[in-house]
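Survey of secondary and tertiary structure
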Amino acid sequence: MMRDMSETPPMTAIADETAYAEAVQLAVDASAAYYGDGTSTLDDDAYDRLVRGIEAYEAGHPDQVLPTSPTGKVAGGAVVGDVPHTVPMLSLDNVFGPDQLAAWAASLERRLDRPVTAWSVEAKLDGLAVSARYRRGRLVQLVTRGDGQAGEDVSHSIGTIVGLPERLAEPVTVELRGEVMMTTAQFADACAKRQAHDGTTFANPRSAAAGTLRTKDRPYVCELTFFGYGALPLPPGDDSPLAVRLRELPHSQIMEWVAGQGVQTTAVTPVAGVLVSDLAAVQARVEEIAAARADLEFGIDGIVVKCDLAADQAAAGFSSRAPRWAVAYKLPATEKITKLLAVEWNTGRTGIIAPRAVLEPVELDGSVVTYATLHNAADIARRGLMIGDSVTVYKAGDVIPRVEAPVVHLRTGDETPIDIPQVCPSCGDAIDAGQERWRCVRGRACRAIASIEYAVGRDQLDIEGLAVNRIKQMLDADLITDFADLFFLTRDQLLALDRMGETSTDNLLAALERAKAQPLSRVFCALGVRGTGRSMSRRIAAHFGTMDAIRAADAAAIQQVEGIGPEKAPVVVAELAELDPLIDKLIKAGVNMTQPGVVRPPAGDSDGAEAAGEPLDLPLSGMSVVVTGTMTGPLAALSRNEVNELVERAGGKASSGVSAKTSLVVAGDKAGSKRTKAETLGVRVATPEEFAELVAAFL
Ligand code: IVH
């Protein structure tokens, strides 16, 4: 739709006080980023639209105008509040890699004229800084950072923030500083509540936390989370014993004291602060925190490196903007705003009909993202997504990119509803919409070609001579309906097929015979149970040892397998029940249903359960091995899955990410970042040739 140029300029529609607070935060963040490092995600047009929307809302609600509002201020205004801080809430200088970190540390040590005694390395939490004032152990006031000199009083939020108790363990007077944020679960809950209330959602956890913290009198309550990262004497000049301790203790010990008062710190998370004494160890912890980022329940945007000792901090001092004793090691953005161009619907191998977002390409965490997951139709409705929306897209590490939410403030009015399919996009049959995940009523049979092609693939049953055309031909001739039927094909049936000579027939029959002896991990993988790819199938097979044991397992037992959580376990159980006839057919065909090398407990020995899945005493027993780069020498012909199988046959655990817990990295040609990380962490690195020698007996 063309816009009428005589209209008033387009502006963001702001429905209520929550949307207003969020819009103000978005504008403040955008202008801070723009005037800071020039990285704002809002283009000029979007920013102007947003500010016009804010102005319009303020004109109608003068009583709700926030002091931080960018309206009428030069450059969006420095953020201001009316509660002066006892001690300024400063910013942090940034570094963007090991070299810059080393240069920063060197210049600090030159200033101190001695090495820094100890470094505290901790996560940089991606939320809003707040100061929490406690008097005689009671939380009396909560203030945002504002412009660093004065902030906004948000004490109305007290009682809704997990980790920030209304009473401390001791009746002390102290000021705590930390970050208010929303965990993934809190964000989902907040979006659902807001959706039910006014049909919109929050753009991302950070702006949801900002809007929530600052809005009063919302008709629904959204929970927030606090992580403390500092404590100060209150008032600053106080000379009580506690105040003296807070001035003299190392930062790490102050944080232990804070946690002891019942306040949440990152000590309870996988990215706890650690104390180290040299820069190599700082960098190693930085890498560990960065690697843990994708699996965290909350957002981090970097790592903060601080001098631990009060004496070092005092000697380093402050610039007008930031302390000289700390620095933020920034990590690449994991979330950006881009346009939702279209939604594609596809039926997967298991018959699940899933939507996929087509995006205006955007660079995120080192790769260009064009497609992102949208879970299902209900999810699209819940988020109120529309084609043409600006959307926040999240991607970190190896996770599949996902669309987080529409940025409703950036709507122009040209957005259009998303078409929801009425029939299966693959076969045109009906959709079973009885559950959140829609399915073609034909189930796996809908995509029989795709599921059989997958089952016979190189990393599953590895049956050569079965190209897609051949599978289609067999399906069309009603010779097979699933891959188990392949094992019952007779020589005559095969010879009767077009373009199937004697040699091809005999080769195929021989390949089928060989496939019957594949290990359970591959047979299980061939089933195509949702959420169980190659490595998960290997883990399941290693854990249970036999198909009988897998089939007998309930959700609790399945959850014992590493990487299977409470969400996935019941899906696996349900899918296996659905696959019963197929598995029975495979057993009847004589397909192997055991995992070689896995020791099973003697029958009837219920205490022996722990023995299940334990490998024998093998060269890689107890070792976690990461394979990376192109394999050479004796391993050159193996697929990545086959090398991982080799690791497991030799008693090791094949992993994909390098951490301090990794025992060995097999680095082939062009190994890249995993090799570098192994070297930084001091993890043993072997060439494919060296590794092949180590596991020669299992090749
Ligand atoms: S210490 C004098 N530690 O980062 C400032 N800050 O970019 C000392 N932040 O405003 C702050 N996690 O809101 C510190 N572990 C952490 C942090 C952290 C997040 C925030 C904080 C600060 C901003 C500066």
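Residues numbered from 1 in each chain as written. Predicted model: local features only at pLDDT ≥ 70, side-chain atom pairs only at ≥ 80, totals over all residues. Heavy atoms only, no water.

**Observations regarding the nonpolar core**
We count it as follows: Nine residue types can take part in a nonpolar core, namely buried Ala, Val, Leu, Ile, Met, Phe, Trp, Tyr and Cys, and a core is a set of them joined through side-chain atoms within 4.5 Å. Classification of residues uses two cut-offs on accessible area relative to the type maximum, computed with a 1.4 Å probe and protein chains only: under 20% is buried, over 50% is exposed, and between them is partly exposed. Helix and strand labels come from DSSP, where a helix needs a run of H or I of at least four residues and a strand needs a run of E of at least two; each type is numbered from the N terminus. Here a residue-residue contact requires only that any non-hydrogen atoms of the pair lie within 4.5 Å.
Core analysis: the largest hydrophobic core is formed by 50 residues, its most contacted members being Ile463, Phe483, Leu486 and Leu527. Put simply, the parts of the chain that give this core at least two residues each are α11 (448-455), α12 (468-476), α14 (502-515), α15 (520-527), α16 (534-544), α17 (547-552), α19 (568-578) and α20 (580-589). If one sorts the elements of this core by residue count, α15 sits on top with five residues. Every residue in contact with Leu486, bar those within four places of it in the chain, is listed here: Ile452, Val456, Leu466, Met474, Ile480 and Leu512. With 35 residues, the next largest nonpolar core counts Leu142, Ala190, Leu242 and Trp257 among its residues.

**Observations regarding the sheet that holds strand β8 (residues 174-181)**
Worth spelling out the cut-off: Two strands pair under a simple rule: DSSP has to find at least two bridges between them. Axis geometry follows a simple rule: fit a line to the C-alpha atoms, using only the stretch in contact for helices, then measure angles between N-to-C directions, giving values from 0 to 180 degrees.
Pairing is mixed in the open sheet, where five strands are placed in the order β5-β4-β8-β9-β7. Whereas interior strands pair on both sides, the edge strands pair on one side only; in this sheet they are β5 (138-144) and β7 (161-162). With two bridges connecting them, β7 and strand β9 (residues 224-233) associate as parallel partners. Bridged to Ile161 within β9 is Leu224. Sitting on the sheet, helix α7 (residues 251-260) touches β8 and β9, and the angle it makes with β9 is about 125 degrees.

**Quick notes on helix α8 (residues 279-292)**
The test is simple: To estimate the expected span of a helix, subtract one from its residue number and multiply by 1.5 Å. Two N or O atoms count as a polar contact when they lie within 3.5 Å, although within protein this holds only if one can serve as hydrogen donor and the other as acceptor, and sequence-adjacent residues are included solely when both atoms are side-chain atoms.
Look at α8: 20 Å from first C-alpha to last across 14 residues, which is about the 20 Å you get at 1.5 Å a residue. Buried within α8 are the following residues: Val282, Gln283, Ala284, Arg285, Val286, Ile289 and Ala292. Where α8 is buried, its residues touch α3 (98-112), β3 (119-125), β10 (274-276), β11 (300-307), β12 (326-330) and α22 (673-681). One side-chain oxygen at the N-terminal end of α8 lies 3.0 Å from the backbone nitrogen of Ala280; it belongs to Asp278.

**Focus: the site of the ligand**
Stated precisely, the cut-off is as follows: One heavy atom suffices: a residue is near a molecule or strand as soon as one of its heavy atoms comes within 4 Å of it. Method for areas: the Shrake-Rupley scheme with a 1.4 Å probe, in which residue coverage is limited to the protein chains shown.
With respect to spatial proximity, 14 residues lie near the ligand, and among them Leu125, Arg145, Glu179, Tyr229 and Lys306 are the closest. The separation between a nitrogen atom of the ligand and a polar side-chain atom of Glu122 is 3.0 Å. A distance of 3.0 Å is found between a nitrogen atom of the ligand and a backbone nitrogen or oxygen belonging to Leu125. For the ligand, the accessible surface in isolation is 530 Å², of which the surrounding protein chains cover 88%. Elements with a contribution of two residues or more to the shell around the ligand: β3 and β11. The greatest single-element share of the shell around the ligand, amounting to four residues, is contributed by β3.

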